[in-house]
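Take a look at the letters that make up each chain.
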Number of protein chains: 2
Amino acid sequence: MTQSTLTRSWIASANGHSDFPLQNLPLGVFSVQGSAPRSGVAIGEHIFDLEAALAAGLFEGAAKVAVEASLGGALNAYFALGKSARVALRERLLELLSEGSTLRGKIEAQGAKLLPLAADCELHLPAKIGDYTDFYVGIEHAKNVGKLFRPDNPLLPNYKYVPIGYHGRASTIRPSGVDVRRPKGQTLPAGQNEPVFGPCARLDYELELGIWIGQGNDMGDAIAIGEASEHIAGFCLLNDWSARDIQAWEYQPLGPFLSKSFITSISPWVVTAEALEPFRRAQPARPQGDPQPLPYLLDAHDQAHGALDIELEVLLLTASMREQNLPAQRLGLSNSLNMYWTAAQLVAHHSVNGCQLQPGDLFGSGTLSGPDQSQLGSLLEITEGGKHPVELASGEVRKFLEDGDEIIFRARCKREGFASIGFGECRGKVVAAR
Amino acid sequence: MTQSTLTRSWIASANGHSDFPLQNLPLGVFSVQGSAPRSGVAIGEHIFDLEAALAAGLFEGAAKVAVEASLGGALNAYFALGKSARVALRERLLELLSEGSTLRGKIEAQGAKLLPLAADCELHLPAKIGDYTDFYVGIEHAKNVGKLFRPDNPLLPNYKYVPIGYHGRASTIRPSGVDVRRPKGQTLPAGQNEPVFGPCARLDYELELGIWIGQGNDMGDAIAIGEASEHIAGFCLLNDWSARDIQAWEYQPLGPFLSKSFITSISPWVVTAEALEPFRRAQPARPQGDPQPLPYLLDAHDQAHGALDIELEVLLLTASMREQNLPAQRLGLSNSLNMYWTAAQLVAHHSVNGCQLQPGDLFGSGTLSGPDQSQLGSLLEITEGGKHPVELASGEVRKFLEDGDEIIFRARCKREGFASIGFGECRGKVVAAR
């Protein structure tokens, strides 16, 4: 019944190349034709309805407690239960949905418990997000952005000591599929001394991994690095939409604000630590000369096992491509191994001053570019600030995003002998400023 | 029944020099000896229990709707109702509590509806805070801090165009009276290249006005400057506790993070726009040569009437002063007229990119220092970064805060012919790092 056995599901669409095979089992919150949002599990091309399954008596013990906590349209209480509840639910779901399940008949008899993902299901934010923190731990991105300002010295002196992060806006985080209204704001035209007001002209995406906080901590108590991974409920994809021209003018001295707060998109399924377990890696060796992490960020197990090997893809689908029936074009293919710090290190750092983390808080990793031109996670990097437009297969060019452009993130974990899992999509289409 | 008539209350402690005369009537959330938190109004040295008053049939119509929305331990739903509900409740409270009230007997007969503020009442956060935004619009503070880094050019080029702000941490906002645990973190010792980890050695306060958001906006819709003041539910005092040494090392390039997120203290009473109406002023004239606000920030009524004349006081009470029975010592006396932008301008700016504001969001103004040495709102400014320690009447000196130091903010509005109102206190005592 473990992942490495490549067990199949009796739900045919979960076998083959699905993002959601039996080994994934991510939770999310959905509604059907305006119903109250409720929790479900993605399996193949279906959603397994947890509320209906609970009503049918399919859960008991810790798994039942976990499902009960997941109800009500937000997973916060389920996140708060921590790892043992998550594992109990996962084990029961594996029993219920694997090929040899003795309960297949019972589940199929109540067809409503398996809803087609694509049809009438609307996916919501999986949790009520208390605080959202955006980190900046994609070191290749930090170097690329730093180079635009300081060619000889792209990384600031604190970068390799401090997992750099800042507070983001929680109220405008939206699930995949919600349109991205082009923001208006102040920008400083090149060569001018006075700003103008109008629609953003340098709209960009940022490819990030999202990290959901599970169990929290009391204010004043730090979460030790050795326990930090236990406080993570799961992962998603995150698009940190960015208005580069607004950002350039506003961000000194206190950081990005309106250039980011108009919307942040996330993929709606929470991929658990357990599903990602086979895709853990040793933290990539720091380059010669880089400092060791300070002791509060250093844990042998985390160093040996705390990094994640997730392939991350960015695609662009323009209005013209849609009209011509062209497929979306890949803009970049990167990997979460480009994180300079592990997710556990982010948790330990965030709480080391006593800051209270709460179930349903969300972290963004920062843009996860890789070192090569084909691995970049933003147009700012691909076009070097708009200097070198991208040529598209549709015959178009892009410096930054235009109205009608849709950005699609996908992610995939692969390892010999293990079922490959995905994250589902994080999509957003740019619509004209109001 | 209006403020200018100086009407008195039949509650004796509300007359005289109370922060909470009949003309103030701020709402808050309190509990008594572990009861469920509920809403009340501060009047003199008492809390008028809104839940009990509602049960006694003292409200009807719009005032009743407002009280009903205030129940449940958080004022968010009351904030969402907007100005007309607030005004209806205020008018009814003036009727009930003024000297000539025909309902005095009925209220007094049910003594439980008037609870002594000082005794068993615990005051809570008045609302569930969705997002917290800290601005930086105290221009004298921005100049003073800028001077420490750039003596010849203290203000950055964007300062007089952009109401500078950044996202803060909502989860660690606490009401007055909660202890302030000294945070730990990374700091860079002077002259060193590598950081060390340990307790903050440069702990500071920042004197700010807090602004409670009432009615929100949909994502994508900006709030026009002419309507922005309607979206403000009230005001409080806010202490943006700051770890200067952690801040100096971490804040580039994305702004303050752990140096602020360990705790933010606020006064628990929400002083309404209606109570502050007599203390509105024209926005102080911008110095010669300063640019006009861009059109989205410019409104004639707001310019003529949008500034607030609130006297703001900082006091320090050290452990030694407590032992010697010395009174708290004033560290600064400033005024909210030091805001370079009005509260309405902050609302208009924050939402101009389509960012969604929600009832119960909180803004901090930024530190409201005045131009004189006696008007500074932080120790960073008073001691010029620790160079010139303050000498205290107790014989002690301070560069920054020490364990046992309590910081107390108070505020007062005064105008000839009008009852003076206050905000209650915002206190916090520093306790040793864990």
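Residues numbered from 1 in each chain as written. Chains lettered and ligands numbered in written order. Predicted model: local features only at pLDDT ≥ 70, side-chain atom pairs only at ≥ 80, totals over all residues. Heavy atoms only, no water.

Engineer: With reference to specific residues and values, describe the nonpolar core.
Structural biologist: By size, the foremost hydrophobic cluster in this structure holds 160 residues, and its most contacted members are Tyr205, Leu276 and Phe423 of chain A together with Tyr205, Leu276 and Phe423 of chain B. Discounting chain neighbours no more than four positions away, the residues touching leucine 276 of chain A are Phe235, Val271, Leu308, Ile310, Cys413, Ile421 and Phe423 of chain A. (Core = buried A, V, L, I, M, F, W, Y, C linked by side-chain atoms within 4.5 Å. Buried < 20%, exposed > 50% of the residue type's maximum accessible area, 1.4 Å probe, protein only. Contact = heavy atoms within 4.5 Å.)

Engineer: Residue-level account of helix α4 (residues 83-97) of chain A, with values.
Structural biologist: Here α4 of chain A contains 15 residues, and its C-alpha end-to-end distance of 21 Å stays within 8% of the 21 Å for a straight helix at 1.5 Å per residue. Those residues of α4 of chain A that fall on the buried side of the exposure criterion are Ala85, Arg86, Ala88, Leu89, Arg90, Leu93, Leu94, Leu96 and Leu97 of chain A. (Helix = DSSP H or I, 4+ residues; strand = E, 2+ residues; numbered from the N terminus. Expected span 1.5 Å × (residues − 1).)

Engineer: Give a detailed account of helix α12 (residues 343-351) of chain B, specifying residues and quantitative values.
Structural biologist: Burial within α12 of chain B is extensive, with nine of its nine residues counted as buried. For α12 of chain B, the full list of buried residues reads Ala343, Ala344, Gln345, Leu346, Val347, Ala348, His349, His350 and Ser351 of chain B.

Engineer: Break down the sheet that holds strand β21 (residues 362-364) of chain A for me, citing the residues and quoting the values.
Structural biologist: Residue and element names in this part refer to chain A. Pairing in this open sheet of seven strands is mixed, and the strands run β7-β6-β21-β13-β14-β16-β8 from one edge to the other. Of all strands in the sheet, those with a lone pairing partner are β7 (165-168) and β8 (173-175), marking the two edges. Pairs of neighbouring strands in the sheet enclose a mean axial angle of 35°, with direction left out of account. Direction of pairing for strand β13 (residues 207-213) relative to β21: antiparallel, over a ladder of three bridges. (Pairing = 2+ DSSP bridges. Axes fitted to C-alpha atoms, helices over the stretch in contact; angles between N-to-C directions.)

Engineer: Give me the relation of the copies chain B and chain A: which residues, what numbers.
Structural biologist: For the match of chain B to chain A, the screw axis carries a shift of 0.0 Å, the RMSD comes to 0.0 Å, and the turn is 180°. Such a combination of turn and shift is consistent with a two-fold rotation axis. In terms of proximity to the rotation axis, the leading residue of chain B is glycine 255 of chain B, whose C-alpha is 2.2 Å off the axis. The share of interface residues of chain B whose copies in chain A are also at the interface is 100%, consistent with both copies meeting through the same surface. (Least-squares fit on C-alpha atoms with pLDDT ≥ 70 in both.)

Engineer: Account for the side chain of arginine 280 of chain B, with residues named and values stated.
Structural biologist: With respect to the element layout, arginine 280 of chain B can be found in strand β17 (residues 280-281). Only 3.2 Å separates the side chain of arginine 280 of chain B from the backbone oxygen of glycine 306 of chain B, close enough to count as a polar contact. (Polar contact = N/O pair within 3.5 Å; in protein donor to acceptor, adjacent residues only side chain to side chain.)

Engineer: Go over the side chain of threonine 133 of chain A, please, and point to the residues and values.
Structural biologist: As for its position among the elements, threonine 133 of chain A is in strand β6 (residues 132-135). For threonine 133 of chain A, a relative accessible area of 0% gives the class buried. If near-sequence neighbours (up to four positions away) are discounted, threonine 133 of chain A is found in contact with Tyr166, His167, Gly168, His350, Leu362, Phe363 and Gly364 of chain A together with Arg169 and Phe257 of chain B.

Engineer: Could you give an account of the UniProt feature "binding site: substrate" (unreviewed entry) in chain A, naming the residues involved and the relevant values?
Structural biologist: Here the UniProt-annotated "binding site: substrate" (unreviewed entry) positions come out as Tyr136, Arg150, Gln247, Tyr251 and Thr367 of chain A. With respect to the helices, strands and loops of the structure, tyrosine 136 of chain A is situated in the loop between β6 and α6 (139-149). Residues within four places of tyrosine 136 of chain A in sequence aside, it is in contact with His141, Ala142, Val145, Tyr159, Ile164, Ser365 and Gly366 of chain A together with Pro253 and Leu254 of chain B. Structurally, the position occupied by glutamine 247 of chain A is in helix α8 (residues 244-250). Beyond its immediate sequence surroundings of up to four residues, glutamine 247 of chain A is in contact with Ser242, Pro256, Ser259 and Lys260 of chain A. (UniProt positions renumbered as here; feature names shortened; annotations may be inferred.)

Engineer: Account for the interface of chain B and chain A, with residues named and values stated.
Structural biologist: Contact residues are listed per partner, giving 57 residues for chain B and 57 residues for chain A. Buried surface at the junction of chain B and chain A, summed over both partners, amounts to about 5,500 Å²; 62% is from carbon and sulfur atoms. By the criterion of area lost to chain A, the three top residues of chain B are His167, Leu254 and Phe257 of chain B, representing 15% of everything that side buries. Linking chain B with chain A are six salt bridges, by the criterion used here. In this structure, the salt-bridge partner of arginine 434 of chain B is aspartate 221 of chain A, at a minimum N-O distance of 2.4 Å. (Buried area = accessible area lost by both parts, 1.4 Å probe. Salt bridge = Lys/Arg side-chain N within 4 Å of Asp/Glu carboxyl O.)

Engineer: Pulling in residues and values, what's your account of the sheet that holds strand β3 (residues 46-49) of chain A?
Structural biologist: Residue and element names in this part refer to chain A. Here we have five strands laid out as an open sheet, ordered β4-β3-β2-β1-β5, and antiparallel in their pairing. Edge positions in the open sheet fall to β4 (114-116) and β5 (121-124), since each of these has one partner strand only. For this sheet the average axis-to-axis angle between neighbouring strands, irrespective of direction, equals 45°. When β3 meets β4, the two strands line up antiparallel, connected through three bridges. Note that in β4 the partner of isoleucine 47 across the bridge is leucine 115. Along the sheet, α4 makes contact with β1 (27-32), β2 (38-43) and β3, crossing β3 at roughly 115°.

Engineer: So, the pattern of salt bridges: which residues are in play, and what are the values?
Structural biologist: Overall, the coordinates contain 50 salt bridges over all chains when judged by the stated rule. Salt-bridge contacts for lysine 260 of chain A lead to aspartate 240 of chain A; the nearest nitrogen and oxygen are separated by 2.9 Å. You can see lysine 260 of chain A sitting in the loop between α8 and β16 (264-266) and its partner aspartate 240 of chain A sitting in the loop between β14 (232-239) and β15 (242-243), a full 20 residues away along the chain. Among the residues examined, aspartate 240 of chain A registers a relative accessible area of 1% and is labelled buried. Residue aspartate 49 of chain B pairs with arginine 38 of chain B through a salt bridge whose shortest N-O separation is 2.8 Å. Pair noted here: aspartate 49 of chain B is in strand β3 (residues 46-49) and arginine 38 of chain B is in strand β2 (residues 38-43), with a separation of 11 residues, a long-range link. The burial state of aspartate 49 of chain B is the same as that of arginine 38 of chain B; both residues are buried. A network of salt bridges, in which partner residues are shared, links Asp204, Glu206, Asp240, Arg244 and Lys260 of chain A.

Engineer: Please give an account of the state of the cysteines that cites residues and values.
Structural biologist: Disulfides are covalent bonds that connect the sulfur atoms of two cysteines. For the structure on display, the rule yields zero disulfides over all chains. Cysteine cysteine 426 of chain A remains unbridged, with the sulfur of cysteine 236 of chain A as its closest cysteine sulfur at 7.7 Å. A relative accessible area of 1% places cysteine 426 of chain A in the buried class. Between cysteine 413 of chain B, a cysteine without a disulfide, and cysteine 236 of chain B, which holds the nearest cysteine sulfur, the sulfur-to-sulfur distance is 13 Å. Assessed through its relative accessible area of 0%, cysteine 413 of chain B is described here as buried. (Disulfide = S-S within 2.5 Å.)

Engineer: I'd like to hear about the environment of isoleucine 43 of chain A, residue by residue, with values.
Structural biologist: All names here are of chain A. Within the secondary structure layout, isoleucine 43 lies in strand β2. The class of isoleucine 43 is buried, set by a relative accessible area of 0%. A sequence separation of 23 residues divides isoleucine 43 from phenylalanine 20, and the C-alpha atoms of the two residues are 5.0 Å apart.

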